[in-house]
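# Inside the fold
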Amino acid sequence: MCCCFFVFFFQAEDGIRVLVRSRGLGDVYKRQAHSLGLRSDGTVVAWGRNTYGECTVPSPNSDFIAIQAGTCYSIGLKSDGSIVAWGMGSRCILPSDNQGFVAIASSGDATLGLRSDSSISAWGQGAVVRGYGWEGIDYDVSEVPSPNDDFIAIAMGGGHAMGLKANGSIVCWGLNNYGQCDVPHTNSGFIAIAAGEYHSIGLRSNGSMVIWGLNNFGQTSTPYSNYGFSDVSAAGWYSIGLK
């Protein structure tokens, strides 16, 4: 069972394994005006706006194990640990050491990659921003807090990044204008993470969710029955819990 504060739909082609999930959680991803689907045979299907080629999957379209959709670009993780990016050129520049990745996370125009050595790499046009918004805030998600090791999961919000450590603690960094990087004091026992535009979610081993950050649409107001969750997801201004 899925608990969600908004109802949303994905238009999917036949053969795509549609598990209705959003950023960081599944096989169909949507970002603004385009969507990606990962098939069971390792191919990617893309549909929607294609202004910058974000729906034109490069050849060979095979061996993909994970996908993410950014703003005007798309990224895919291959089974050999390399990352492929397509769409707006300035947002598709990859790290020179493009190998050893086991997970990816993207939002807007910044990307995170989790490596097999449990370290995180961050890059993209939006990774370092000077003078964000009317507050003129500077933020940087490219500098992963030290020690950059023992990470087992990653998530990317509108301007903040999250990393889950093997010991069950969460690390957040980047834009913090709404407290989205202020991890709760009892920072332990987490088994999954997710990030929305300006809010963050942590799933505890007891099946309860902890949510912090901006709450303009109730996205950080946990459901009354805050128990029995097995996974979490978030995007924009909503949160999802899977029971």
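Basis of the calculations
Residues numbered from 1 in each chain as written. Predicted model: local features only at pLDDT ≥ 70, side-chain atom pairs only at ≥ 80, totals over all residues. Heavy atoms only, no water. Disulfide = S-S within 2.5 Å. Buried < 20%, exposed > 50% of the residue type's maximum accessible area, 1.4 Å probe, protein only. Pairing = 2+ DSSP bridges. Helix = DSSP H or I, 4+ residues; strand = E, 2+ residues; numbered from the N terminus. Axes fitted to C-alpha atoms, helices over the stretch in contact; angles between N-to-C directions. Contact = heavy atoms within 4.5 Å. Salt bridge = Lys/Arg side-chain N within 4 Å of Asp/Glu carboxyl O.

Turning our attention to the state of the cysteines. In this structure the tally under the stated criterion is zero disulfides. This cysteine, cysteine 92, is not joined by any disulfide, and cysteine 72 carries the nearest cysteine sulfur, 9.9 Å off. On the basis of relative accessible area, cysteine 92 is assigned to the buried category, the value being 15%. Sulfur of cysteine 181: no disulfide; nearest cysteine sulfur belongs to cysteine 172 and is 5.3 Å away. By relative accessible area, which is 13% here, cysteine 181 ends up buried.

Pairing is antiparallel across the open sheet formed by three strands, whose spatial order is S8-S9-S10. Two strands in the sheet have a free side with no partner beyond their single neighbour: strand S8 (101–107) and strand S10 (120–123). Across the sheet, the mean angle separating the axes of adjacent strands is 20 degrees when strand polarity is ignored. In the sheet, S8 pairs with strand S9 (residues 110–115) via six bridges, with the strands oriented antiparallel. Of the residues in S9, the one forming a bridge with phenylalanine 101 is arginine 115.

Right, let's talk about the side chain of threonine 220 for a bit. By the element assignment, threonine 220 lies in the loop between strand S18 (209–213) and strand S19 (231–235). Look past the residues within four positions of threonine 220 in its chain and what remains in contact with it is His199, Ile211, Trp212, Gly213, Leu214 and Asn215.

With that settled, consider the pattern of salt bridges. For side chains bearing opposite charge, pairing can occur when the charged atoms are close. Here the structure, examined in full by the defined rule, presents two salt bridges. Two residues, aspartate 97 and arginine 115, come together in a salt bridge whose shortest N-O distance is 3.7 Å. Within this pair, whereas aspartate 97 is found in the loop between strand S7 (83–87) and S8, its partner arginine 115 is found in strand S9, the two being separated by 18 residues in sequence. Given the relative accessible area of 37%, aspartate 97 is considered partly exposed. Its relative accessible area of 12% is what places arginine 115 among the buried residues.

Looking now at unusual backbone geometry. In the segment running from serine 59 into proline 60, the intervening peptide bond is cis, with an omega of 0 degrees. The topology assignment puts proline 60 in the loop between strand S4 (44–48) and strand S5 (64–69). Each neighbour pair has its own omega, and for serine 146 with proline 147 the value is 0 degrees, a cis peptide bond. Relative to the helices and strands, proline 147 resides in the loop between strand S12 (137–140) and strand S13 (151–156). Positive phi is not limited to glycine here, since aspartate 63 has a value of about 65 degrees. Secondary-structure assignment places aspartate 63 in the loop between S4 and S5. Within the chain, cysteine 72 stands out as a residue other than glycine whose phi angle is a positive 70 degrees. If you trace the backbone, cysteine 72 turns up in the loop between S5 and strand S6 (73–78).

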